Amino acid sequence: MSTVELEIDGMTCAGCASRVEKALASVPGVSAASVNLALERASVESDGDARSLVTAVEKAGYAAWLKEDTDPEEQAARARAADRQAWVWVGVSVVLTLPFLVQMVAMALGIHALMMPYWLEPLLAAPVVFGAGARFFSGAWHAVLTRSGTMDVLVAMGTGAAYFYSLYLVLTLGAGSEGHLYFEAAAVIVTLVLFGKRLEAWAKQGTSAALRSLMNLRPATARRVDANGREETVAIEAVATGDVLIVLPGERIPVDGRILEGQSDSDESLITGESLPVPKKPGDPVTGGAVNGDGLLKVEAVAVGRDTTLSKITRLVERAQAGKAPVQKLVDRVSAIFVPTVLGIALVTFVGWLVAGYGLEQAVTAGVSVLVIACPCALGLATPTAMVAGTGAAAKAGILIKDIEAMERAASIDTVLFDKTGTLTEGHPVLSDTVDLSGVDTSDHLRLATALQRGSDHPLAKAFRSAFEAADGDAASLPSPRNFTNRPGEGVAGEVDGVSVALGNRALLSRLGVALDTNAAQKMEELGETVVYLVRDGKPAAVFGFRDAPRPMAVAALARLKERGLATGMVSGDSQAAADRVGRDLGMDLVLAGVRPDRKAKTVAARQQDGARVAMVGDGINDAPALVQADLGIAMGTGSDVALDAAPVTLMRSDLMLVPAVLDICRKTVSKIRQNLFWAFIYNVIGLPLAALGFLSPAVAGAAMAMSSVSVVTSSLLLRRWRP
């Protein structure tokens, strides 16, 4: 199975989105299809021909393109052309509808001199209803062919009934029809709906502005140094891994790379949300899309095209925004029966007024009002516009939300668990204490411990190397260990210079059957240090103590979570004493110590079995099982593959204050969805009875329907103002 992205054009409401979904789901080989009305995009899981998906959408009455075949500039040009054409039709409609509005106002004021001749009204209304409003009749026809209900059906039936009923009166009564015609209702409805759609389109563009700003970060060209050392300007697509690029001061860095020459600062704020420039020197990585400071850089390309961090982030945000929230599934089910229900209500209204003896004119007016006010546009836009705006605002702040269902789960989180090393702490432990237990020089203990871990990237191994080199040792000249074994969560063992060496925690010593006087270790643990034991030839040799400084904002972030009534906990592989000390310093409610990496997921599951809704915060690598097990997994990362794939939420910078920010934006987005759905439903709950009882004219009903969609989308736009 592969994921196929489609661009869809012509959808106007939730019914349209549902119809496209059904058309895509009916294609052989499709296992799942999701259509986002706000983004006008479909995501399909299929093992068949992608072109057949385009054909299915076109048969349903809509235009479609494969996203991979869509040139962004061409698509933007097509969108601008369509937008201009739509505004032209709005202008034509307004000009032709103005005489009707003047006539309506004049009649209300008792001025009969401004009345139009009865024969002129159908001539003015026809271009509006059947020219500007042609899209509604075309959409309604396709909906009828596929036996589905959409907004187009309601608008076409409402305006068509008003126009043809009035035309019937003109043809049968002639001048006697004056004062009983509803051409103005048909014209005003189309004009208002079209104008509302233009406002809605403008607002929808605002909700996805953050994604567009991400996509626009990549420069179109790069300065490449050729084999002869000459500088040439090439298209960004021509840059390959290993190419050497020149980045001038103030320019955007073309691709992910590594600095070969030069020093500068890199502004990565639009990628990570971090406002302060990051110092860069030779050997440091740089991210494509970031802005170079005031230094000239020579950069080796490390990742290009779809492999760059910027491309991955953009794909993640796109995937999240194109997804469908669980609440949307309920909305889809409601939308599926909404239009048939409205048609039934309109028919009952029409018959009811006739039976009550009010005549055909009043019955038609009430029935048309019911059809027009009940368009399900707002219902279809309530969820996706809020999702797009919320995930876009989060991405701008350095928070990547790639699982839409996670946003709803985040709204009910009551417990937040943190991994200790690398999450609550800097992840750079420093050797702070060494106690000899065997009468040997501690420098020899340090040499053996460093040699045993030669080549390891474990934080403690790096701390041993740093301490050994600080004591004027040369880690590169140390011998490699033989018979090396690694026991995750316990330690390592092997032979160095013929000496059997083991290095680890108490669990490793217990496995090896080594008894140890723990007085020295207890003192270290009381100071909050991580304790590591060294065993030489089966006998205790030394105890090392390491300190890992808490992240600068750890205390403030935990305090913010507590202010919101959330319980906080720390999961650590340290001893209980060492973990308790760190937990007290940070103000933790719960400290779970001695937890091996492979037990973290079970620890999270145990809290869930106790009824807690758990968010797990980890570094996205060794915490991956726990991040998946949690109701909400939050990976602290810098855009690496593992960090981006490990959890539903990834923080693009290691700032713990983003953890409460994640919960905040998720809750605000879910709250906005509920608010939008409330208003979308309330329009119909109030409007339908008023229209059925004759209190709303078709023109007023059309205005109310148009404003319902605009108000819902505008409400979602408020999420763009969110800041962590």
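The structure presented is a predicted model; accordingly, all values stated were derived computationally and were not measured.

## Focus on the sheet that holds strand β18 (residues 491-496)
Whenever strands of a sheet pair, they do so through backbone hydrogen bonds, lying parallel or antiparallel. With respect to topology, 6 strands assemble into an open sheet ordered β16-β21-β20-β19-β18-β17, the strand pairing being antiparallel. Each of the sheet's edge strands pairs with one partner strand only, and the pair in question is β16 (430-436) and β17 (482-487). Averaged over all adjacent pairs, the angle separating strand axes in this sheet is 15°, with direction ignored. Judged from the 6 bridges that link them, β16 and strand β21 (residues 539-547) form a sheet pairing that is antiparallel. Counted as the bridge partner of aspartate 436 is alanine 542 from β21.

## Points about the domain arrangement of the protein
Splitting the protein by domain gives domain 1 (2-69), domain 2 (85-211 + 318-385 + 673-721), domain 3 (221-305), domain 4 (397-424 + 550-664) and domain 5 (428-549). Computed from C-alpha atoms alone, the centre-to-centre distance between domain 2 and domain 5 is 76 Å.

## A word on the pairing of strand β2 (residues 30-36)
A regular strand carries its side chains on alternate faces of the sheet. Here β2 runs beside strand β3 (residues 41-46); their pairing, made up of 6 bridges, is antiparallel. Paired with alanine 32 across the strands is glutamate 45, a residue of β3. Hairpin connection of β2 to β3: 4 residues between the antiparallel strands, including glutamate 40 at a positive phi of 50°.

## Here we look at the sheet that holds β3
Strand order across the open sheet formed by 4 strands is β2-β3-β1-β4, with antiparallel pairing between neighbours. Edge positions in the sheet fall to β2 and β4 (63-66), since each has one partner strand and no second. On average, each strand axis in the sheet is tilted by 25° relative to the strand beside it, whichever way the strands run. Sitting on the sheet, helix α1 (residues 14-25) is in contact with β1 (2-9), β2 and β3, with an inclination near 160° to β2. Across the face of the sheet, helix α2 (residues 50-59) comes into contact with β1, β2, β3 and β4 while running at roughly 165° to β4.

## Here's the deal with the pattern of salt bridges
Pairing between side chains of opposite charge can happen when the charged atoms of each approach one another. Within this structure, the stated rule accounts for 22 salt bridges. With a closest N to O distance of 3.1 Å, arginine 447 and aspartate 497 form a salt bridge. Taken together, the residues span a long stretch of sequence, with arginine 447 in helix α16 (residues 442-452) and aspartate 497 in the loop between β18 and β19 (499-504) at a distance of 50 residues. Take arginine 447: its relative accessible area is 24%, and that puts it in the partly exposed class.

## A look at α2
Along an α-helix, residues three or four apart share an orientation, since each turn contains 3.6 residues. Listing the buried residues of α2 in full gives Leu53, Val54, Ala56 and Val57. Taken down its axis, α2 places every buried residue within 160° of arc, on the same side. Structurally, α2 contributes buried residues whose contacts are with β1, α1, β2, β3 and β4. The N-cap of α2, judged by a side-chain oxygen 3.2 Å from the amide nitrogen of arginine 51 a few residues on, is aspartate 49. Where α2 terminates, the next one or two residues include glycine 61, which has phi positive at roughly 105°.

## What to know about the packing of aromatic side chains
For the structure on display, the rule yields 10 aromatic pairs. Residues phenylalanine 130 and phenylalanine 164 carry aromatic rings whose centres are separated by 5.7 Å and whose planes lie at 50° to one another, so their mutual orientation is tilted. Taken together, the positions of phenylalanine 130 in helix α4 (residues 120-132) and phenylalanine 164 in helix α6 (residues 151-173) put the pair 34 residues apart, joining distant regions of the chain. Classification of phenylalanine 164 as partly exposed rests on a relative accessible area of 47%. Consider the rings of tyrosine 163 and phenylalanine 183, whose centres lie 5.1 Å apart with planes at 70°: the pair is edge-to-face.

## Here's the deal with the packing of α6 against helix α12 (residues 359-373)
α12 packs onto α6 with a crossing angle of 160° between their chain directions and a minimal axis gap of 8 Å. Here α12 runs roughly antiparallel to α6, going by the angle between their axes. The interaxial crossing formed by α6 with α12 has left-handed handedness. In this structure, α6 contributes Leu154, Met157, Gly158, Ala161, Ala162 and Tyr165 to the contact, and α12 contributes Leu360, Glu361, Val364, Val368, Leu371 and Val372. For the contact of α6 with α12, a count of residues per class yields 10 nonpolar, 1 polar and 1 charged.

So, how was this worked out
Residues numbered from 1 in each chain as written. Predicted model: local features only at pLDDT ≥ 70, side-chain atom pairs only at ≥ 80, totals over all residues. Heavy atoms only, no water. Pairing = 2+ DSSP bridges. Helix = DSSP H or I, 4+ residues; strand = E, 2+ residues; numbered from the N terminus. Axes fitted to C-alpha atoms, helices over the stretch in contact; angles between N-to-C directions. Domains from an automatic or database assignment. Contact = heavy atoms within 4.5 Å. Salt bridge = Lys/Arg side-chain N within 4 Å of Asp/Glu carboxyl O. Buried < 20%, exposed > 50% of the residue type's maximum accessible area, 1.4 Å probe, protein only. Arc of directions from axis to C-beta. Polar contact = N/O pair within 3.5 Å; in protein donor to acceptor, adjacent residues only side chain to side chain. Phe/Tyr/Trp six-rings, centres within 6.5 Å; stacked < 30°, edge-to-face > 60°. Parallel < 35°, antiparallel > 145°, perpendicular 65-115°, else oblique. Left-handed = near helix turned anticlockwise from the far one by under 90°. Nonpolar A, V, L, I, M, F, W, Y, C, P; charged D, E, K, R; others polar.

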